[in-house]
Amino acid sequence: MSTGRDLYQILKVLSLRKSWNLVLLKVSYWWSKLFKRSVLLGSPFSLSIEPTTACNLACPECPSGLKQFSRPTGKLDLELHRQMLAQVKKSVFYINYYFQGEPFLHPQFLDLIREAKLAKMYTATSTNAHFIDKAKAIEIIDSGLDRLIISVDGITQATYEQYRVNGSLSKVLEASAFLVEAKMERNSPTPFLIFQFLAVKPNESEIPAVFTLAKEIGIDEVRIKTAQLYDFKNGNSLMPEKEEYARYAKQSDGTYKLKGRQGNHCWRMWSGSVLTWDGKVVPCCFDKDASHVLGNMKEHSFDQIWKSKAYKQFRFSILKNRQEIDICKNCSEGTKVWS
């Protein structure tokens, strides 16, 4: 029932024009995939917009938490955000306000959500939930945020903190309860609340219990996510023992590789894009350090960047040989594993 309400929130912002744009994107993607030519019809229907690169945690596989970025730490300017919305609102109907960092460290984060809702966008974000108290939970519901993914990577503090370094599970669970309570108080179907459980070796035995915990609190959905590991070829202490929870498979020579077979195609290159806090446009969320900048919205319009030679060449490089692109080598897009 709750999943149906979430779908309804998406359909509410899907106009005839945006629906036709989505059809054009699909047609051009399949044509490009079939004939290995970078053909583009339409504009993206989804975006990831980065509120900030700052984070309060130190997760071992996250460049934001480890402070390993070569790009600067900062937060999205409200005026730049308004310019972004104005330039994409004719085609985009889904915005994920997350790339790197903890969104609620942006002091005006909920203002971003309110502005996107005024532009008739479906809005989502992902949080470690350390900055949500009772009052903030009410603000979140009143902002109109459609979907909130909460990282819950353990059901005990001892397990949780092995990946969410410097984190407090009690804060996460308290925040989750505040959000459920606030939804009831406001009689609101949104945000759709998701517990996201990143499956790693220290916590995989607790995966069944997280479904029970979510039900007890009143969370709408639980998602088990496989962990992207940077150093995986010779194994990694974070790799789950159960293959169903792992993104990598062991080979006959004892080394590991990404599960599934990656083809020379990627729907993400047609369906969406990523905008960093300082206006850079990068191809997808796997380019965490923004090493493949395709343009900057402080210098050119998004439409100019989306249709540029640089973007066209990047799409063609995917069609030609995806494995030659560094950020694609550890990407699960197109494989039969969770993302």
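Anything mentioned here points back to the structure above.
Computed from a predicted model, the values in this text were never measured in an experiment. (Residues numbered from 1 in each chain as written. Predicted model: local features only at pLDDT ≥ 70, side-chain atom pairs only at ≥ 80, totals over all residues. Heavy atoms only, no water.)

Chemist: Please clarify how the overall build of the protein chain should be interpreted in this entry.
Modeler: When helices and strands are tallied, the protein chain shows 11 helices and 11 strands. Here the C-alpha radius of gyration of the protein chain, 20 Å, is about what a compact globule of 339 residues would show, namely 20 Å. For the protein chain, the C-alpha atoms occupy an extent of roughly 55 × 50 × 40 Å along the three principal directions. Expressed as a percentage of its 339 residues, the buried residues of the protein chain come to 56%. Across the protein chain, contacts joining residues at least 24 apart in sequence account for 68% of those joining residues at least 6 apart. Across the protein chain, the 47 positively charged side chains and the 35 negatively charged ones have centroids separated by 9 Å. (Helix = DSSP H or I, 4+ residues; strand = E, 2+ residues; numbered from the N terminus. Rg over C-alpha atoms; globule rule 2.2 N^0.38 Å. Buried < 20%, exposed > 50% of the residue type's maximum accessible area, 1.4 Å probe, protein only. Contact = heavy atoms within 4.5 Å. Lys, Arg positive; Asp, Glu negative; His and termini not counted. Charge placed at Lys NZ, Arg CZ, Asp CG, Glu CD.)

Chemist: I'm lost on the pairing of strand β3 (residues 122-127) in this one. Help?
Modeler: Taken residue by residue, a regular strand's side chains alternate between the two faces of the sheet. Among the 6 residues in β3, 6 count as buried, and that is most of the element. What you see with β3 is no split at all: Tyr122, Ala124 and Ser126 on one side and Thr123, Thr125 and Thr127 on the other are buried throughout. Considered for its hand, the β-α-β crossover made up of strand β2 (residues 94-96), helix α4 (residues 109-118) and β3 is right-handed. Note that β3 and strand β4 (residues 147-151) share 4 bridges and pair parallel. Looking across to β4, one finds that Ser126 is bridged to Ile149. (Right-handed = clockwise from strand over helix to strand, strands pointing away. Pairing = 2+ DSSP bridges.)

Chemist: Would you take a moment to explain the side chain of Ser38 for this structure?
Modeler: Assignment of secondary structure puts Ser38 in the loop between α2 (16-35) and β1 (46-49). Within the local environment of Ser38, its side chain forms a polar contact with the backbone oxygen of Lys312, the two atoms lying 3.4 Å apart. Those residues within four positions of Ser38 in sequence are excluded, and the remaining contacts are Ser32, Lys312, Arg315, Phe316 and Leu319. (Polar contact = N/O pair within 3.5 Å; in protein donor to acceptor, adjacent residues only side chain to side chain.)

Chemist: Looking at this structure, I do not really get the side chain of Lys183. What am I missing?
Modeler: Structurally, Lys183 is set in helix α7 (residues 169-186). By relative accessible area, which is 10% here, Lys183 ends up buried. Among all residues touching Lys183, those that are not within four sequence positions of it are Ile141, Ser188, Pro189, Thr190, Pro191, Phe192, Leu193 and Asp220.

Chemist: Sorry, what's going on with the sheet that holds β2 here?
Modeler: What holds strands together in a sheet is hydrogen bonding between their backbones, with the strands either parallel or antiparallel. Taken in spatial order, the 9 strands line up as β6-β5-β4-β3-β2-β1-β9-β10-β11 in an open sheet, and their pairing is mixed. Each edge of the open sheet is held by one strand with a lone partner, namely β6 (221-226) and β11 (295-296). Both β1 and β2 contribute to a ladder of 3 bridges, which runs parallel. Residue pairing for β2: Leu47 is matched across the bridge by Ile95. Lying over the sheet, α7 contacts β4 and β5 (192-199), oriented at roughly 160 degrees with respect to β5. (Axes fitted to C-alpha atoms, helices over the stretch in contact; angles between N-to-C directions.)

Chemist: Can you help me understand α2 in this one?
Modeler: Because each turn of an α-helix spans 3.6 residues, side chains separated by three or four positions end up pointing in the same direction. For α2, which comprises 20 residues, the first-to-last C-alpha distance of 29 Å matches the rise-based estimate of 28 Å (1.5 Å per residue) to within 8%. Every buried residue of α2 is listed here: Lys18, Asn21, Leu25, Ser28, Tyr29 and Ser32. The arc that holds the buried residues of α2, viewed along the axis, is 105 degrees, so those residues lie on one side. In α2, the exposed positions angled more than 90 degrees off the buried face are occupied by Leu16, Trp20 and Leu34. Residues of α2 that are buried in the fold lie against α9 (268-271), α10 (302-306) and α11 (309-321). (Expected span 1.5 Å × (residues − 1). Arc of directions from axis to C-beta.)

Chemist: Is there a simple way to explain unusual backbone geometry in this structure?
Modeler: With the exception of glycine, most residues fall at negative phi, and the peptide bonds are largely trans. Of note, the bond from Thr190 into Pro191 is cis; its omega dihedral lies within 30 degrees of zero at 0 degrees. Unlike most non-glycine residues, Lys120 shows phi in positive territory, near 65 degrees. With respect to the element layout, Lys120 can be found in the loop between α4 and β3. Note on Lys120: relative accessible area 57%, which makes it exposed. For Asn166, which is not a glycine, the phi torsion comes out positive at approximately 75 degrees. Take Asn166: it is sitting in the loop between α6 (157-163) and α7.

Chemist: What am I meant to see in the environment of Asp231 here?
Modeler: Position of Asp231 among the secondary structure elements: in the loop between β6 and β7 (248-250). Given the relative accessible area of 53%, Asp231 is considered exposed. In the structure, Asp231 is positioned 83 residues away from Leu148 in sequence and 29 Å away in space, judged by C-alpha atoms.

Chemist: Explain the packing of aromatic side chains here, please?
Modeler: Aromatic ring pairs are defined here through the distance separating the ring centres and the angle between the ring planes. Taken as a whole, this structure holds 12 aromatic pairs when the rule is applied. Look at Phe45 and Phe93: their rings are 5.2 Å apart centre to centre, the planes differ by 20 degrees, and that puts the pair in the stacked class. You can see Phe45 sitting in the loop between α2 and β1 and its partner Phe93 sitting in the loop between α3 (78-88) and β2, a full 48 residues away along the chain. No difference in accessibility class separates Phe45 from Phe93, as the two residues are buried. One aromatic cluster is present, built from ring pairs that chain together Tyr29, Trp30, Phe45, Phe93, Trp267 and Trp270. Against the face of Trp267 rests Lys26, its NZ or CZ located 4.1 Å from the ring centre. (Phe/Tyr/Trp six-rings, centres within 6.5 Å; stacked < 30°, edge-to-face > 60°. Lys NZ or Arg CZ within 6 Å of the ring centre and 35° of its normal.)

The values are spatial; any link to function lies outside them.
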